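As a plain string of letters, each chain reads:
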Amino acid sequence: MKLNRRQFLESAGIATAALAAWKIPKGVLASPAPAASKVATDLPGSLGAKEVPSVCEMCFWRCPIIGKVKNGRIVKIEGNPKSPTNGHRVCARGNSGIQLIYDPDRLKYPMKRVGARGEGKWARISWKEALDEIAYNMEKTRKKYGPSSLALFDHGASAEFYRQIFKGMGTENYTNEPAFFQCMGAVSLAYVMTYGYKIAERVDMSHSKVMLFFGTHLGENAHLAQVREYVTGLQNGAKLIVVDPRFSAPANKADIWLPIRPGTDTALLLAWINYVIQNDLYDKEFVQMHCKGFNELKEGVKGYSMEWAARICDLKLHDIKKAIDMLAASRPHVAIHSGRHSAWYGRGDVQRHRCLAILTALFGAVAVPGGIYFPTSVDLGESDCVECEAPEDVEEPETSLKDNYPFASYFGSPTAEIIRATRTGKPYPIKLWGIAGVNIIHTISNPYETMDALRKLDFVFSIEILPTESATWADIVLPEANYLERYDKVYVNHDLTPYVTVRQPVVKPLFEAKSPFWIAREMAKRLKLDCFHCKSEEEYLDEELEDIDLSLAKLNKEGGLVRLKGHPYRDPNKPIKFSTDSGKIELFSGSFDDEDMDPIPKFEPILAPPKGYARLVYGRVPTHTFSRTMNNLWLHNECPEPMLWLNKEVAEKMGIKYGDRVVIVNQDGYRSANLVKVKVTPGIRPDTVYLPHGFGSRSPLLTKAYKQGVSDQFLITRYILDPFFGGSSHRTDFVKLIKDGKTLDIPELRPVPPEIPRFEIKKV
Ligand SMILES: Nc1nc2c(c(=O)[nH]1)N[C@H]1C(S)=C(S)[C@@H](COP(=O)(O)OP(=O)(O)OC[C@H]3O[C@@H](n4cnc5c(=O)[nH]c(N)nc54)[C@H](O)[C@@H]3O)O[C@H]1N2
Ligand SMILES: Nc1nc2c(c(=O)[nH]1)N[C@H]1C(S)=C(S)[C@@H](COP(=O)(O)OP(=O)(O)OC[C@H]3O[C@@H](n4cnc5c(=O)[nH]c(N)nc54)[C@H](O)[C@@H]3O)O[C@H]1N2
Ligand code: SF4
Ligand SMILES: [Mo]
């Protein structure tokens, strides 16, 4: 059966489908867990604490953990030794979950706004009043403006429950996590279209001979299992190539560091693809057996020479040749990292990741040790307990917010379009927002537009754990039990050794915080939605676990985690059927062609900085997760503020010294609210400055985070939307620095080739 694009995308996304032959059959659990290790109770130092297995949510990597409890309080968090990925380890943030649960600033009771939106003045109310008011406003808004006037910004594990409520109300204006539009959308789409699977980041680094990173700053990006796999790869002697305008943590360990001109990665990748084809460096047998569209690819990339790429990317020809020869010599055992955060430039993000996917296929680095691998499918039981169906009689709006983006249906309604519709009333009015698990002001490009939209709404509610600035804009705030106090869904991890685990309460919720299941069920009741039938979270989880012969009790008997049998590697003698339209790896994308999008990637230049400006880019510090950890005592003490990276030669010419404090101003005149310390370093290109993300909270209710450091987001006012699915760009803004009241131009030390147009500053 040929699926239409929408059905295809949905099936690929929802099922994280695996090759049929590799499916774990219903009812069969693979390997018994390794000898039930005595979960830590008798280890020295545990002091006889009670131990509860659960899952971390200090970031989205969700490492299995053990919470140690004494006298009803968590005294320590460790990794679950049963976990094949992190074992007994957690990262600094995972360890600091204790400071989240006992943060004196945490939200304690439902509250109602009494000051202006954004001011953070609230009065305590009862759960009944809070939920009644939310339900009343949802009903009223739907009746007056139609279901599409309701929108939900949702992210994180608990938001999945609230998404059901909005779906049940008949709106399509929720997202499959807004982070797809700010984070993984482009890479997910590129790999689904090429391979048929959502395999972003499934790269077998620990068994690779050469690793290749574009951006991907592992070590600063502290997703634990990946960092471990990458370090194991290095320990096993793998070589490393890092393409990054900055001397990032992995660049530090690289055999070859390519300090590329930001925004030109696709030029380098296309030239490499052409070079590999022209010099017969690809895996002919694999390409013949598994790929579709080789001839079109060969034809499409033939104009991209290495000399051209060296000039466009501002790299040395010798270095880029050496890098690609190094990769080719070790194929197929090369780990070409897909990347995770891909919302960089808006235009071209999908094609950059398509190039990574294509290069991987040319090297046959697919389902072999060291290459990319596919998720092992696990048939969880179908619990309809929390599924709310969209009403059948709902009138679809004539114009959808997804209309301009042929591949948006996979991700939900683009956040930028929800914001635009709220501000303008076009194509239809949006009058009510729910915000759950996402700090929209810090997460979505141009916070000034987000705040303008917030002002225009009839009603806003927020489900939060902390009084962040996005929460301060809400009319009603609901305190959710945090991850150590609640159940969420069953987690199936599809890594090399897959496993099943579950988040469960390590301690009881403090104050009046309630679990997301409880909150969503109360909403469903009030809105008369036909869902959330099961009596308890335990019942729901048991339904999900039933089909793989598990239950919550059985899982806990196994230490909270059961390993499954993975099938990461292919049998070289057997053809693979991929979940694409053609059943092959699509070097030429039929689905893109159908939508008049380039079926073979092309290079489209990203506007270069205007004279006197540098491009603003950002990344992670290992001890924080976005804005969410900024108020965490231990993590705040570890890293209270970020530093702005500035090239040494540039700094000398500007008269800026290491440690000087400056204000940052962008091309539209927006200034950083605080001064930021400058890190003067040769480890960044002269045309680029770098600021770690997540700092500079403007919520006075966060006593440790308030006004600490500078926020990159408040300097991101120009953005470009991805034409495939509506993702937002975050690296298309330019800045100057202000020192001692004087605005200083950034001298241009690397000339821009004429093929790359510049951003033009329009004087208003
Ligand atoms: N400690 C910590 N770890 C985290 C997170 C966190 O909040 N804290 N968040 C997690 C999440 S959700 C994500 S998505 C990931 C994000 O982490 P990654 O997926 O690794 O993010 P990237 O944007 O790929 O990498 C940032 C790097 O890109 C470089 N860069 C900037 N512009 C360009 C360019 O044009 N070309 C190239 N080649 N490089 C460029 C920057 O200099 C920086 O070193 O981190 C994850 N890990
Ligand atoms: N400028 C810029 N923008 C970015 C990025 C960047 O690096 N720079 N990174 C992008 C990326 S990769 C991503 S993934 C996104 C991340 O975007 P977000 O997920 O919005 O990131 P956070 O700032 O961590 O905000 C999470 C919010 O959820 C709340 N929260 C935490 N735990 C819970 C919980 O259990 N329940 C509820 N209800 N709320 C909870 C936190 O208090 C916080 O307010 O941001 C994207 N936007
Ligand atoms: S990487 Fe750290 S913060 Fe993220 S889930 Fe694992 S332990 Fe928690
Ligand atoms: Mo992300």
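Residues numbered from 1 in each chain as written. Chains lettered and ligands numbered in written order. Predicted model: local features only at pLDDT ≥ 70, side-chain atom pairs only at ≥ 80, totals over all residues. Heavy atoms only, no water.

Undergrad: Any details on the pairing of strand E7 (residues 210-214)? Residues and values, ideally.
TA: The buried count for E7 comes to five of five residues, which makes it a mostly enclosed element. Burial of E7 is two-sided: the residues Val210, Leu212 and Phe214 facing one way and the residues Met211 and Phe213 facing the other way are all buried. In the sheet, E7 pairs with strand E8 (residues 239-243) via five bridges, with the strands oriented parallel. Bridging from a neighbouring strand, Leu212 pairs with Ile241 of E8. Handedness of the crossover is the feature at issue here: the chain leaves E7, passes through helix H7 (residues 224-235), returns alongside E8, and the resulting connection is right-handed. Alignment of E7 against strand E11 (residues 334-336), held across three bridges, turns out to be parallel. Its bridge partner lying in E11, Val210 is registered against Val334. (Buried < 20%, exposed > 50% of the residue type's maximum accessible area, 1.4 Å probe, protein only. Helix = DSSP H or I, 4+ residues; strand = E, 2+ residues; numbered from the N terminus. Pairing = 2+ DSSP bridges. Right-handed = clockwise from strand over helix to strand, strands pointing away.)

Undergrad: Which residues make up the site of ligand 1, and what values do they have?
TA: The environment of ligand 1 is made up of 33 residues, and the closest members are Asp244, Asp265, Tyr345, His624 and Arg731. The separation between an oxygen atom of ligand 1 and a polar side-chain atom of Arg246 is 2.8 Å. Here ligand 1, which alone exposes 910 Å², has 99% of that area covered by the protein. More than half of the atoms belonging to ligand 1 lie within 2 Å of the grid points that define the largest cavity. Considering only residue class, the shell around ligand 1 consists of 15 nonpolar, 10 polar and eight charged. (Near = heavy atom within 4 Å. Polar contact = N/O pair within 3.5 Å; in protein donor to acceptor, adjacent residues only side chain to side chain. Areas by Shrake-Rupley, 256 points an atom, 1.4 Å probe, with all protein chains shown as cover. 1 Å grid on protein atoms, 1.4 Å probe; cavity = no way out; pocket = protein on both sides within 12 Å on 5 of 7 lines; lining within 4 Å. Sits in = over half its atoms within 2 Å of the grid points. Nonpolar A, V, L, I, M, F, W, Y, C, P; charged D, E, K, R; others polar.)

Undergrad: Let's hear about the domain arrangement of the protein: which residues, and what values?
TA: Domain parsing of the protein yields domain 1 (5-22 + 182-373), domain 2 (42-105 + 491-510 + 533-565), domain 3 (107-176 + 412-481) and domain 4 (614-744). Taking the mean C-alpha position of each, domain 1 and domain 2 sit 33 Å from one another. At the interface, 14 residues of domain 1 touch 13 residues of domain 2. Here domain 1 and domain 2 share an interface that buries about 1200 Å² over both sides, 61% of which is from carbon and sulfur atoms. Where domain 1 meets domain 2, there are zero salt bridges. The interface formed by domain 1 and domain 2 holds four residue pairs in polar contact (both at pLDDT 80 or more) in total. Across the side of domain 1 that touches domain 2, the residue classes tally to four nonpolar, four polar and six charged. (Domains from an automatic or database assignment. Contact = heavy atoms within 4.5 Å. Buried area = accessible area lost by both parts, 1.4 Å probe. Salt bridge = Lys/Arg side-chain N within 4 Å of Asp/Glu carboxyl O.)

Undergrad: Mind laying out the site of ligand 2, listing which residues take part and the relevant values?
TA: The immediate surroundings of ligand 2 are formed by 28 residues, with His155, Thr443, Glu464, Glu480 and Ser627 found nearest. At 3.0 Å, a backbone N or O of Asn439 approaches an oxygen atom of ligand 2. Between ligand 2 and Thr443, the relevant distance is 2.6 Å, taken from an oxygen atom to a side-chain nitrogen or oxygen of the residue. Contact with the protein chains covers 97% of the free accessible surface of ligand 2, which is 910 Å². Residues that form the shell around ligand 2 fall into these classes: nine nonpolar, 13 polar and six charged.

Undergrad: Summarise the layout of surface pockets; cite the residues concerned and give the values.
TA: Over the atoms a probe the size of a water molecule is rolled, and this reveals where empty space is left. When its volume is computed, the second largest pocket comes out at roughly 370 Å³. Along the walls of the second largest pocket sit 15 residues, with Pro259, Asp314, Arg685, Pro686 and Arg750 positioned nearest its centre. Residues from two domains meet in the lining of the second largest pocket; each of domain 1 (5-22 + 182-373) and domain 4 (614-744) gives at least three. (Points joined across faces, edges and corners; volume = space filled by probe spheres on them.)

Undergrad: Describe in detail a negative patch on the surface, supporting the description with residues and values.
TA: On the surface, Glu382, Asp384, Glu389, Glu392, Asp393 and Asp530 cluster together into a patch of negative charge. Locating Glu389 in the fold gives a position in the loop between helix H13 (349-362) and helix H14 (415-424). For Glu389, a relative accessible area of 59% puts it in the exposed group. (Patch = residues over 30% accessible without salt bridge, like charges linked within 9 Å, V, L, I, M, F, W, Y side chains within 5 Å. Lys, Arg positive; Asp, Glu negative; His and termini not counted. Charge placed at Lys NZ, Arg CZ, Asp CG, Glu CD.)

Undergrad: Which residues make up the state of the cysteines, and what values do they have?
TA: According to the stated counting rule, one finds two disulfides in the structure shown. The side chain of Cys385 participates in a disulfide bridge whose partner is Cys534; the two sulfur atoms lie 1.7 Å from each other. Disulfide Cys385-Cys534: the torsion about the S-S bond is -70°, which places it as left-handed. Pair noted here: Cys385 is in the loop between H13 and H14 and Cys534 is in the loop between helix H18 (516-526) and helix H19 (537-546), with a separation of 149 residues, a long-range link. A relative accessible area of 2% places Cys385 in the buried class. At a sulfur-sulfur separation of 2.1 Å, the disulfide partner of Cys388 is Cys531. In this structure, the disulfide formed by Cys388 and Cys531 twists by about 80° around the S-S bond and is classed as right-handed. (Disulfide = S-S within 2.5 Å.)

Undergrad: Lay out the packing of aromatic side chains with the relevant residues and their values.
TA: Scanning the model with the defined rule gives 35 aromatic pairs in all. Seen in terms of ring centroids, Trp127 and Trp518 are 5.2 Å apart; in terms of plane orientation they differ by 80°. Their pairing is edge-to-face. Of the two residues, Trp127 is situated in helix H4 (residues 127-145) and Trp518 in helix H18; the sequence distance between them amounts to 391 residues. On the accessibility criterion, Trp518 (23% relative accessible area) is partly exposed. Taken together, the aromatic side chains of Phe180, Phe181, Tyr410, Phe411 and Phe725 make up a single cluster linked through ring pairs. One cation-aromatic arrangement involves Arg246 over Trp645; the distance from NZ or CZ to the ring centre is 4.6 Å. Positioned over the ring face of Trp645 is Lys679, at 4.4 Å from the centre of the ring. (Phe/Tyr/Trp six-rings, centres within 6.5 Å; stacked < 30°, edge-to-face > 60°. Lys NZ or Arg CZ within 6 Å of the ring centre and 35° of its normal.)

Undergrad: Which residues make up empty space enclosed by the protein, and what values do they have?
TA: One pass over the structure, following the stated rule, counts seven cavities of 30 Å³ or more. Here the largest cavity is characterised by a volume of approximately 520 Å³. Residue lining of the largest cavity: 36 residues in total, with His217, His341, Gly619, Arg620 and Arg731 positioned closest to the centre. Ranked by residue count, the leading element in the lining of the largest cavity is strand E19 (residues 614-619), at three residues. Here the residues of the lining of the largest cavity are counted per class, giving 16 nonpolar, 12 polar and eight charged. For the second largest cavity, the calculated volume is near 160 Å³. Lining the second largest cavity are 20 residues; nearest its centre among them are Pro609, Asp687, Glu748, Arg750 and Val752. Both domains that furnish three or more residues to the lining of the second largest cavity are identified here as domain 1 (5-22 + 182-373) and domain 4 (614-744).

Undergrad: Before we move on, can you summarise helix H12 (residues 317-329) with the specific residues and values?
TA: Across its 13 residues, H12 extends 18 Å between first and last C-alpha, which sits within 8% of the 18 Å expected from 1.5 Å per residue. Inspection of H12 places Ile320, Ala323, Ile324, Met326, Leu327 and Ala328 among the buried residues, and these make up the whole buried set. (Expected span 1.5 Å × (residues − 1).)

Undergrad: Explain the side chain of Glu78 to me, using residue names and the numbers behind them.
TA: Checked against the element boundaries, Glu78 lands in strand E3 (residues 73-79). By relative accessible area, which is 17% here, Glu78 ends up buried. Looking at Glu78, its side chain comes within polar contact range of the side chain of Lys76, at 3.1 Å.

Undergrad: I'd like a rundown of the packing of helix H5 (residues 159-169) against H18, residues and numbers included.
TA: Between H5 and H18, whose axes approach to 8 Å, the crossing angle comes to 10°. One finds that H5 runs roughly parallel with respect to H18. Contacts between H5 and H18 involve Phe161, Tyr162 and Ile165 on the former and, on the latter, Pro516, Phe517, Ile519, Ala520, Met523 and Ala524. For the contact of H5 with H18, the residue count by class is nine nonpolar, no polar and no charged. (Axes fitted to C-alpha atoms, helices over the stretch in contact; angles between N-to-C directions. Parallel < 35°, antiparallel > 145°, perpendicular 65-115°, else oblique.)

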